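Remarks on the overall topology
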Amino acid sequence: MTNLNTTPNPFGKHSFRDNAVDSAASQTYEFDIDGSVAASVENTATAKPKFGRRSFLTGFAGAALACMLAFGVQGAIIDPATAEATGSPSATQTVINTNDDATLAEAVAAKCLPSVVYVETYADAGGQLQGLGTGSGVVMTEDGYLITNNHVVDGGSAYKVTIAGNTYDAELVGTDPSSDVAVLKAKDASGLTPMEIGDSDNLTVGEWVMTLGAPFGLEQSVATGIVSATSRSQIMDASESMQSGGSGETTIYPNMIQTDAAINPGNSGGALVDDEGKLIGINTLITSYSGNYSGVGFAIPVNYAVNLAQQIIAGETPTHAQLGVSLSTVNDQAAASYGLAAESGAYVAAVSQGSGAEAAGLQEGDIITALDGESVEGASDLMLAVRGKNPGDTVQLTVNRSGQEQEISVTLGDDAASQKAAAEQKAQQEQQMPEQGQDFGWGYGDGNDYGYGWGYGDGYGQDGGNGYGYGDGYGNGLNLDDLFGQR
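Scope of this entry: the structure provided in the associated data block. For clarity, every value in this text was computed on a predicted model and none was experimentally measured.

1. A word on the layout of surface pockets
Reported here for the largest pocket is a volume of approximately 760 Å³. Lining the largest pocket are 27 residues, with S231, P254, N255, G388 and K389 sitting closest to its centre. Mapped by element, the contributors of at least two residues to the lining of the largest pocket are β14 (221–236), β15 (251–259), α5 (302–313), β23 (374–375) and α8 (379–387). Broken down by element, the lining of the largest pocket gets its largest block of residues, four residues, from β15. Split into classes, the residues belonging to the lining of the largest pocket amount to eleven nonpolar, eleven polar and five charged.

2. Examining the pairing of strand β12 (residues 181–186)
Counting buried positions along β12 yields six of six residues, so the element is predominantly enclosed. Across the two faces of β12 the burial is the same, with V181, V183 and K185 and A182, L184 and A186 all buried. When strand β9 (residues 145–148) meets β12, the two strands line up antiparallel, connected through four bridges. What sits directly across from I147, in β12, is V183. Where strand β11 (residues 166–176) meets β12, six bridges bridge the pair, whose relative direction is antiparallel. When the sheet's bridge partners are listed, T175 is paired in β12 with A182.

3. A look at the nonpolar core
Counting 30 residues, the largest nonpolar core has I147, M195, L212, A271, V273, L279 and I300 as its most contacted members. Elements with a minimum of two residues in this core: α2 (104–112), β12, β13 (208–213), β15, β16 (271–273), β17 (279–288), β18 (297–301) and α5. Per-element tally for this core: the top contributor is α5, with seven residues. Residue contributions to this core reach at least three from each of two domains, namely domain 1 (111–186) and domain 2 (207–314).

Cut-offs applied
- Residues numbered from 1 in each chain as written.
- Predicted model: local features only at pLDDT ≥ 70, side-chain atom pairs only at ≥ 80, totals over all residues.
- Heavy atoms only, no water.
- 1 Å grid on protein atoms, 1.4 Å probe; cavity = no way out; pocket = protein on both sides within 12 Å on 5 of 7 lines; lining within 4 Å.
- Points joined across faces, edges and corners; volume = space filled by probe spheres on them.
- Helix = DSSP H or I, 4+ residues; strand = E, 2+ residues; numbered from the N terminus.
- Nonpolar A, V, L, I, M, F, W, Y, C, P; charged D, E, K, R; others polar.
- Buried < 20%, exposed > 50% of the residue type's maximum accessible area, 1.4 Å probe, protein only.
- Pairing = 2+ DSSP bridges.
- Core = buried A, V, L, I, M, F, W, Y, C linked by side-chain atoms within 4.5 Å.
- Domains from an automatic or database assignment.

Here's what the structure looks like:
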């Protein structure tokens, strides 16, 4: 389930992220078709666009005391000329040395704030620009490439960014909705300060961190805390995305960094940095009973985000690791009903031709119970584990085949072909039925068999989209009853 929450802003109004709900509080601006965004909102300094965030309930939360996992903020700075796809630091580095006159927090803030971006997203509302929401971002290159969250820019037709006190019109370079990553380009920008890239693969629980961004639209804000945990993973399914006002894309967050440094609405797309002022994550989500900061926030690891951003800048469609199978979740009840050899794991319903899974010898009916020694309790576990890898990586699967356990090494492929097929099918459906809602009624097309569905392992779709056609494939996949003919 998902939920939208109002966000009070410093100017005394309430707004909804990505929703035109509070029309009385919303601001509209004359839309100059031939001019810039800056010109369109000229002389409106006192009329800030509305902003906020979307939130959704965790799948395991109770109905009465639901703990909301809400969009927060995060950002990163990447220089593709000097940074490896794995997020290695750039050649130009600044060493932070603290003394009696500068605390660690002061020194890190001084280094990083020139690289933090305030993002304003606008929608074209019948010839006028209407403020849709605000968020944060991080400078990637001197000439204006910026990384942020997809949910910060989603639904926008025009963008403004403020960097080190200067405001620019910006254009959307590209997005990866399934990973919640987007890249903006500040027009006519030069001489910006890219943020130094750290390494999110070598974090220690308890180490000092700082978040930077624009919570509630308050630009250039910082907060400090520690790394509370690593390898926190979350799937936001298509139905939750629709309920939260998003595009209906399934979003997969593998191996997120948990922190108690404050992350609030408006921080989305901003930076999580270490004690050397190096970017280690993109602030994205919070877990909260109130929808605001409660001490539990999450950031996308920078190594993962940088790789995707660099693909977008290069004009490529971002790709993700793919195993090449269709899956369904096995539990003790299903095992008893169908006489399966394992009581938990991911049931292989089909193997795609030409995939790494086929080359490695995986077979229909196999039950995958572990990946690289880590237990796999169901299809979602396996999906998240694979998404955390890179195409071309080799993984070790523990497979139960007819009661016999064996180890199988699989070289992961990518999902470029299946993403293309999913996009084509989606476009065709929207063209044929532009006003019709999807199968489960959230008003976004008819659903398809490419990618993760909202069933959390209750079924499977055809291989594609997010890798395995996991879940219900947007509503059209099969579950174990279908597989075994016992509907």
